[in-house]
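# Inside the fold
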Amino acid sequence: MGAFSFLDRNRSIAQPGFSRWLVPPAALSIHLAIGQAYAFSVFKKPLNYLLQIAASGGGLKALPAVDSANPLDWKFTDLGWIFSIAIVFLGLSAAVFGKWLERAGPRKAMFASAVCFASGFFVSAIGVHLHQLWLLYLGYGVIGGIGLGLGYISPVSTLIKWFPDRPGMATGMAIMGFGGGALIGAPLANNLMAAFRTDHDLGVEKTFLVMGAIYFLAMMFGVFTVRVPQEGWKPEGFAAPAKPRALVTANNVEVNAAFSTPQFWLLWIVLCMNVTAGIGILEQASPMIQELFKGRITASAAAGFVALLSLFNMGGRFVWSSISDYIGRKNTYYAFFILGAILYYLAPRTGASGLNSIPLFVGISAIILTMYGGGFATIPAYLRDLFGTMEVGAIHGRLLTAWSVAGVCGPVLVNYIREYEKSKGVPLADAYSTVLYVMVGLLIVGLIANALVRPVNQKYWYKSAESDKNLATAAV
Amino acid sequence: MGSEIKKTPIALVLLAWLFVSVPWGWGITQLWKNARKLFQAPPAATMPVTPSK
């Protein structure tokens, strides 16, 4: 393994004088790359037309409207599984490899993430070439999903260690990158497919190959730039507050011990409820605005609305996590749940049958989306406050299973309620109201879970061999 | 031994930030082009709305 020894943790320890401001761009290069996952939907329509375009003899100049009942090739529902598998494997790999990451260091984890993420594209390209959908499930879904999980958690504990004075801001910056990844991924994929498109080929295969290569190189920037601080390093002039906040510990909790604390599961519920509620808006943003303001919002304007929400989702990650450094994590989540519940309740009332205000509806939705993003970005710092920095990356990895659950349950819940209401003859605009009121209920569950969070009992604290020896001596 | 400490040049830090902010900025511009459609006057607003059957 000599050739790869540069990936070892001890080879990535920063020398004195190293600027910690090089670490956020290293983290961002990983998160901006893997955030492409959110833009995977741009491939769905081309993948749906693979066979027809090949058989068209060049006659198919524009892709006709999708008819899901009569698919031209792979069905939309089958293609949807690629993203779902990737998100499930994101959560699983983050949970499984988190402990390894703490031992191996961020550089090795980032490298493994880059290899998996790029390989996911390459295997998918083979899948398109051989016209085997299972290869896309395996490639982008399983292998790429593992890359997502490793990449998502790899810079988190490193950033927290470099920024003990502003942990929320530091992790928020990286996680904002994950939200921003789709902003690059979608136009990049569209431009590449347009460039590679011929009369007989939509260019998906070549786009997969090129994107795999581009993302691998971009992630290598992070691999070579990231450093871990030396043991005991502190920023210049930084002193831990004389009177720390009630929930902020100076001790550490090992990942397996953290897993059995009530605090871990309370935060699991907090994240799961916050994400599920956010998905409630995201999943139905486009049809909802068109239905609430019938005849006043075109499909194109609705697409613009969805794009605007993405910007607020991304911005909220940085803004809320930075605010949490000042007001505390618990208060930040109180804001998400209390303000969120009020806004979810008000949103349907801004429609044509109520206040009839498009700007008000857009404003409310935008604030809700900042809190959805903020929930993701603030959770690592919350974990650090409760469990210390020692294995915070591994603990964060396990907590991300809440995201996997919300990612599957959220859309199912939203679609089920909407369809149920529709089947009872409820007008669509009112069906959306019901969905949003259910989300208010979920936010109240999250609020209660957050209120129950207390400092971790000291029986869970990590005791090093040294401290064990001290305790034994003291006992004698 | 303090004189041996080699500080990271500011230019290198700026370059690293540029590496991530240029593609990111491009992505935001592309997204903003889409988002602007929300604020454009809808042609449907002037057309009579036919009730759905």
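Keep in mind that what you see is a predicted model, and the values were worked out from it rather than measured.

## With respect to the overall build of chain B
Counting its secondary structure elements, chain B contains one helix and zero strands. Expressed as a percentage of its 53 residues, the buried residues of chain B come to 11%.

## Things to note about the overall build of chain A
Along its length, chain A carries 19 helices and zero strands. Rg of the C-alpha trace for chain A: 23 Å, near the compact-globule value of 23 Å for 476 residues, within the 12% margin. Structurally, chain A occupies a C-alpha span of about 85 × 60 × 35 Å along its principal axes. Across the 476 residues in chain A, those meeting the buried criterion constitute 51%. Pairs at least 24 apart in sequence give 83% of the contacts found in chain A among residues at least 6 apart.

## Points about the interface of chain B and chain A
Contacts between the two partners involve 26 residues from chain B and, on the opposite side, 31 residues from chain A. Along the lines of polarity and charge, the residues of the side of chain B that touches chain A split into 17 nonpolar, five polar and four charged.

## Brief notes about the confidence of the model for chain A
Here chain A shows a mean pLDDT of 88. Residues at 70 or above account for 93%. Every residue in residues 470–476 of chain A scores below 50 in pLDDT, and together they form zero contacts with partners more than four places removed in sequence or on other chains.

## Quick look at the environment of Ser353 of chain A
Here Ser353 of chain A shows up in the loop between helix 14 (329–346) and helix 15 (358–387). Considered as a pair, Ser353 of chain A and Ser321 of chain A are 32 residues apart in the sequence and their alpha carbons are 36 Å apart.

## A word on unusual backbone geometry
Apart from glycine, the bulk of residues carry a negative phi angle, and the bulk of peptide bonds sit in the trans form. Residue and element names in this part refer to chain A. If you check the backbone angles, His131 has positive phi at about 55° while not being a glycine. Mapping His131 onto the fold places it in the loop between helix 5 (106–130) and helix 6 (133–153). Although it is not a glycine, Asn356 sits at a positive phi angle of roughly 55°. On the secondary structure map, Asn356 appears in the loop between helix 14 and helix 15. Assessed through the 14 C-beta atoms surrounding it within 10 Å, Asn356 is described here as partly exposed.

## Overview of the nonpolar core
All names here are of chain A. Within the largest apolar cluster, 153 residues are counted, with the highest numbers of intra-cluster contacts made by Met219 and Leu271. For this core, the element with the highest residue contribution is helix 15, accounting for 16 residues. Here Met219 is in contact with Ser29, Ile30, Ala33, Met110, Ser113, Ala114 and Phe117, once residues within four sequence places are set aside.

## A closer look at the packing of helix 17 (residues 401–423) of chain A against helix 18 (residues 428–451) of chain A
Residue and element names in this part refer to chain A. At a minimum axis distance of 9 Å, the contact between helix 17 and helix 18 shows a crossing angle of 140°. In terms of orientation, helix 17 lies oblique with respect to helix 18. You can see that helix 17 and helix 18 cross each other, and the crossing is right-handed. In contact with Val414, Ile417, Arg418, Glu421 and Lys422 of helix 17, helix 18 contributes Leu428, Ala431, Thr434, Val435 and Val438. Here the contact of helix 17 with helix 18 is built from residues that sort into six nonpolar, one polar and three charged.

## Let's talk about helix 1 (residues 10–35) of chain B
With 26 residues, helix 1 of chain B extends 35 Å from end C-alpha to end C-alpha; this agrees with the ideal 38 Å at 1.5 Å per step. Maximum bend of helix 1 of chain B: about 30°, positioned at Ser21 of chain B, with proline Pro23 of chain B one to four residues after it. Lining the buried residues of helix 1 of chain B we find helix 1 (23–34), helix 8 (167–196), helix 9 (204–225) and helix 13 (299–327) of chain A.

## Observations concerning the environment of Ile160 of chain A
Residue and element names in this part refer to chain A. Within the element layout of this structure, Ile160 appears in helix 7 (residues 156–162). By the C-beta count within 10 Å, which is 23 here, Ile160 ends up buried. In sequence terms Ile160 and Val223 are 63 residues apart; their C-alpha atoms lie 17 Å from each other. Setting aside residues no more than four positions away along its own chain, Ile160 makes contact with Pro167, Ala170, Thr171, Pro380, Arg384, Thr389 and Val392.

## With respect to the packing of helix 1 of chain A against helix 8 of chain A
Helix-helix packing is characterised by the crossing angle of the two axes and by the distance between the axes. Residue and element names in this part refer to chain A. Where helix 1 meets helix 8, the closest approach of the two axes is 6 Å, and the angle between their N-to-C directions is 35°. Where helix 1 crosses over helix 8, the handedness of that crossing is right-handed. Along its contact with helix 1, which presents Pro24, Ala27, Leu28, His31, Leu32, Ala33 and Ile34, the element helix 8 presents Ala170, Met173, Ala174, Ile175, Gly177, Phe178, Gly180, Gly181 and Ile184. Residue composition of the contact of helix 1 with helix 8, by class: 12 nonpolar, four polar and no charged.

## Describing the environment of Ile281 of chain A
Residues and elements named next belong to chain A. Mapped onto the fold, Ile281 is located in helix 11 (residues 262–282). Using a count of 25 C-beta atoms within 10 Å as the deciding quantity, one classes Ile281 as buried. Taking the C-alpha atoms as reference points, Ile281 and Phe196, separated by 85 residues in sequence, lie 35 Å from one another. When residues no more than four places from it in sequence are discounted, the contact partners of Ile281 are Ser365, Ile368 and Leu369.

## Focus: the confidence of the model for chain B
All names here are of chain B. Taken as a whole, chain B shows an average pLDDT of 78; of its residues, 70% reach a score of 70 or greater. Within the model, the stretch residues 44–53 combines pLDDT values under 50 with seven contacts to residues more than four positions away or in other chains. Interface confidence for the predicted complex, expressed as ipTM, amounts to 0.83; the pTM equals 0.86.

Definitions and cut-offs
Residues numbered from 1 in each chain as written. Chains lettered and ligands numbered in written order. Predicted model: local features only at pLDDT ≥ 70, side-chain atom pairs only at ≥ 80, totals over all residues. Helix = DSSP H or I, 4+ residues; strand = E, 2+ residues; numbered from the N terminus. Buried ≥ 20, exposed ≤ 12 C-beta atoms within 10 Å, placed from the backbone. Rg over C-alpha atoms; globule rule 2.2 N^0.38 Å. Contact = placed C-beta atoms within 7 Å. Nonpolar A, V, L, I, M, F, W, Y, C, P; charged D, E, K, R; others polar. pLDDT = per-residue confidence, 0-100. Core = buried A, V, L, I, M, F, W, Y, C linked by C-beta atoms within 7 Å. Axes fitted to C-alpha atoms, helices over the stretch in contact; angles between N-to-C directions. Parallel < 35°, antiparallel > 145°, perpendicular 65-115°, else oblique. Left-handed = near helix turned anticlockwise from the far one by under 90°. Expected span 1.5 Å × (residues − 1). Bend = angle between axes of the 7 residues up to and from the residue.

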